[in-house]
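Each chain is listed here by its residues.
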Amino acid sequence: QVQLVESGGGLVQAGGSLRLSCAASGRTVSSVVMGWFRQAPGKEREFVAAIAWSGGSTNYAPSVKGRFIISRDNAKNTLYLQMNSLKFEDTAVYYCAARAGLVVDSERGAYKYWGQGTQVTVSS
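Counting from 1, residues in each chain are numbered in the order their sequence is written. It should be noted that, the model being predicted, local features are given only for residues of pLDDT at least 70 and side-chain atom pairs only at 80 or more, the latter also being counted only at that level, while totals for whole chains, interfaces and linings use all residues. Water and hydrogen atoms play no part in the side-chain values, which are based on all heavy atoms of the structure.

A. Layout of the state of the cysteines. Count a disulfide wherever a pair of cysteine sulfur atoms falls within 2.5 Å. Following the criterion strictly, the structure yields 1 disulfide and no others. The residue that forms a disulfide with Cys22 is Cys96, at a sulfur-sulfur distance of 2.1 Å. Residues Cys22 and Cys96 share a disulfide whose torsion about the S-S bond is about -80°; that sign makes it left-handed. Of the two residues, Cys22 is situated in strand E3 (residues 18-26) and Cys96 in strand E9 (residues 92-100); the sequence distance between them amounts to 74 residues. Just as Cys22 is buried, Cys96 falls in that class too. Secondary structure elements are defined from DSSP: runs of H or I of at least 4 residues count as helices, runs of E of at least 2 residues count as strands, and each element is numbered from the N terminus. Partly exposed residues are those whose accessible area sits between 20% and 50% of the maximum for their type, while under 20% is buried and over 50% is exposed, using a 1.4 Å probe and protein chains only.

See the structure below:
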């Protein structure tokens, strides 16, 4: 089992920045891939970014590449998502997720563990 707790969401103006955190506990975190997904009202949950805990390989959705940075702190077992140049369309509930293995997958169904989500609202 892996427990995930997100934090850092809030209200920010377009063009601003925000950093999300996800504290992980439980199963040995070094053997997982962790990712961020988001879900806007009335839309499907979509992939944002993912990182292999061991080795640090990353994968980004085209819509956020160049603006968002995913990273992890091994000592703190914490995942981060630095979001820069935020746009109105980035408004969503952001979820932290984890899966076993090393494939930095963008498929929602591949992730077994999920956090409760944190709201990010970007005002235009």
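B. Spotlight on the pattern of salt bridges. Definition used for salt bridges: Asp or Glu carboxyl oxygen within 4 Å of a side-chain nitrogen of Lys or Arg. One pass over the full model with this rule turns up 5 salt bridges. Among the salt bridges present, the one from Glu44 reaches Arg108, with a minimum N-O distance of 3.5 Å. Highlighted residues: Glu44 in the loop between strand E4 (32-39) and strand E5 (46-52) and Arg108 in the loop between E9 and strand E10 (113-114), separated in sequence by 64 residues. Judged by relative accessible area, Glu44 falls into the exposed class, the value being 62%. One network of salt bridges, in which partners are shared, links Arg38, Glu46, Arg67 and Asp90.

C. Summary view of the sheet that holds strand E1 (residues 2-7). Only strands that DSSP links by at least two bridges are regarded as paired with each other. Pairing within the open sheet is antiparallel, and its 4 strands lie in the order E1-E3-E8-E7. Each end of this open sheet is capped by a strand with a single partner; those strands are E1 and strand E7 (68-73). On average, each strand axis in the sheet is tilted by 20° relative to the strand beside it, whichever way the strands run. Across 6 bridges, E1 lies against E3 in antiparallel orientation. Residue Ser7 lies in a different strand from E3, and its bridge partner there is Ser21. Each axis is a line fitted through C-alpha atoms, and for a helix only the stretch in contact is used; angles between axes span 0 to 180 degrees, taken between their N-to-C directions.

D. Expanded view of the nonpolar core. To form a nonpolar core, buried Ala, Val, Leu, Ile, Met, Phe, Trp, Tyr and Cys residues must be joined to one another through side-chain atoms within 4.5 Å. If you look at the biggest cluster of nonpolar residues, it comprises 39 residues, and the most contacted ones within it are Leu4, Met34, Trp36, Leu79, Leu81, Met83 and Tyr94. With 6 residues, E5 is the largest single contributor of residues to this core. Whether two residues are in contact is decided by their heavy atoms: any pair within 4.5 Å suffices. Excluding residues that lie within four positions of it along the chain, Met83 makes contacts with Gly16, Ser17, Leu18, Leu20, Arg67, Phe68, Tyr94 and Val120.

E. A look at the pairing of E9. In terms of burial, E9 is largely enclosed, as 7 of its 9 residues are buried. Bridging between E4 and E9 involves 8 bridges; their strand directions are antiparallel. Bridge pairing links Trp36 to Cys96 in E9. As judged from the 3 bridges shared by E9 and strand E11 (residues 118-123), these two strands associate in the antiparallel manner. Residue pairing for E11: Ala92 is matched across the bridge by Val120. Bridge count for E9 against E10 is 2 bridges, and the pairing is antiparallel. Directly across from Ala97, in E10, lies its bridge partner Trp114.

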